[in-house]
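Architecture and fold: a report
Residue-level listing of the chains:
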Amino acid sequence: MRKKYVEDSKTEQFRLLKYEDINGANRLFGGKLMAWIDEVASVTARRHCEAEVTTACIDNLQFKEPAFLGNMVVIIGRITYVGRSSMEVRVDSYVEDEKGFRRPINRAYVTMVALDEKERPKEVAFGLELETESEKAEWESGMKRAELRKQRRKEGF
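Residues numbered from 1 in each chain as written. Predicted model: local features only at pLDDT ≥ 70, side-chain atom pairs only at ≥ 80, totals over all residues. Heavy atoms only, no water.

Side note on the pattern of salt bridges
Rules: In the sections that follow, a salt bridge refers to a side-chain nitrogen of Lys or Arg positioned within 4 Å of a carboxyl oxygen of Asp or Glu. Partly exposed describes any residue whose relative accessible area lies between the buried limit of under 20% and the exposed limit of over 50%, with all areas from a 1.4 Å probe on protein chains only and scaled to the type maximum. Helix numbering and strand numbering both begin at the N terminus, where a helix is a DSSP run of H or I of at least 4 residues and a strand a DSSP run of E of at least 2.
The tally for this structure, following the rule as stated, stands at 19 salt bridges. The residue Arg 90 makes a salt bridge to Asp 92 at a minimum N-O spacing of 2.7 Å. Neither Arg 90 nor Asp 92 differs from the other in exposure class; each is buried. Across the pair Glu 147 and Lys 150 runs a salt bridge, and its minimum N-O distance is 3.7 Å. Of this pair, Glu 147 and Lys 150 are both found in helix 3 (residues 133-154), three residues apart, which corresponds to roughly one turn of the helix. With a relative accessible area of 49%, Glu 147 lands in the partly exposed category. A relative accessible area of 40% means that Lys 150 is categorised as partly exposed. What you see here is one network of salt bridges that share partners, running through Asp 59, Arg 78, Glu 88, Arg 90, Asp 92, Arg 107, Glu 138, Arg 145, Arg 149 and Arg 152.

This is the structure we're talking about:
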């Protein structure tokens, strides 16, 4: 199996928060951020598998800090684990200040499935070449999360 590096499919998106992104509490609307996370995860997975993808699962979506009108939000996706037809994408979201300092506001793990021409799951053509200890640790954690997802499906989640 051919392999790609994590950096090959890494995706960064920048958003300047506008009025339509803000909720009644004058903070970033969580649903808006969730949509952006899904979009970044999709682009990251498509870059890795070179095929259409669909979202299968969002794990561990943690809102850590708020973001406000005028803040710049940076969303970064990277592949952490590759299964037979699925890929796990870690998506980190930050608020970046004028000096470039980034404060984490969210982390999510999104499972994307590669699709064939008939929109059925297909085998991911590329494995993942792990270069750093951090990437290896993410892979191990991704394997555990994949097993937990399988177990939850069996239990009816």
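Alright, that's what it looks like, and here's the rest.
Describing helix 2 (residues 30-49)
What sets the pattern is the α-helix's 3.6 residues per turn: residues three or four places apart point alike. Applied cut-off: What a helix should span is 1.5 Å times the count of its residues minus one.
Under the 1.5 Å per step criterion, the end-to-end length of helix 2 is 28 Å for 20 residues, consistent within 8% with the ideal 28 Å. Restricting attention to buried positions, one finds in helix 2 the residues Leu 33, Trp 36, Ile 37, Val 40, Ala 41, Ser 42, Thr 44, Ala 45, His 48 and Cys 49. Positive backbone phi, at 55°, marks Glu 50, one or two positions downstream of helix 2.

Remarks on the nonpolar core
Going by this rule: The definition of a nonpolar core used throughout is a set of buried Ala, Val, Leu, Ile, Met, Phe, Trp, Tyr and Cys residues joined through side-chain atoms within 4.5 Å. Only heavy atoms enter the contact rule, under which two residues are in contact if any of them lie within 4.5 Å.
Judged by nonpolar contacts, the single largest core of 32 residues is most densely connected at Leu 28, Met 87, Val 91 and Met 112. Those elements that provide at least two residues to this core are helix 2, strand 4 (72-82), strand 5 (86-96), strand 6 (102-115) and helix 3. Broken down by element, the residue count for this core peaks at seven residues, all from helix 2. Apart from the residues within four sequence positions on either side, Val 91 is in contact with Ile 37, Val 40, Ala 41, Ile 75, Ile 76, Gly 77, Asn 106, Arg 107, Ala 108 and Val 110.

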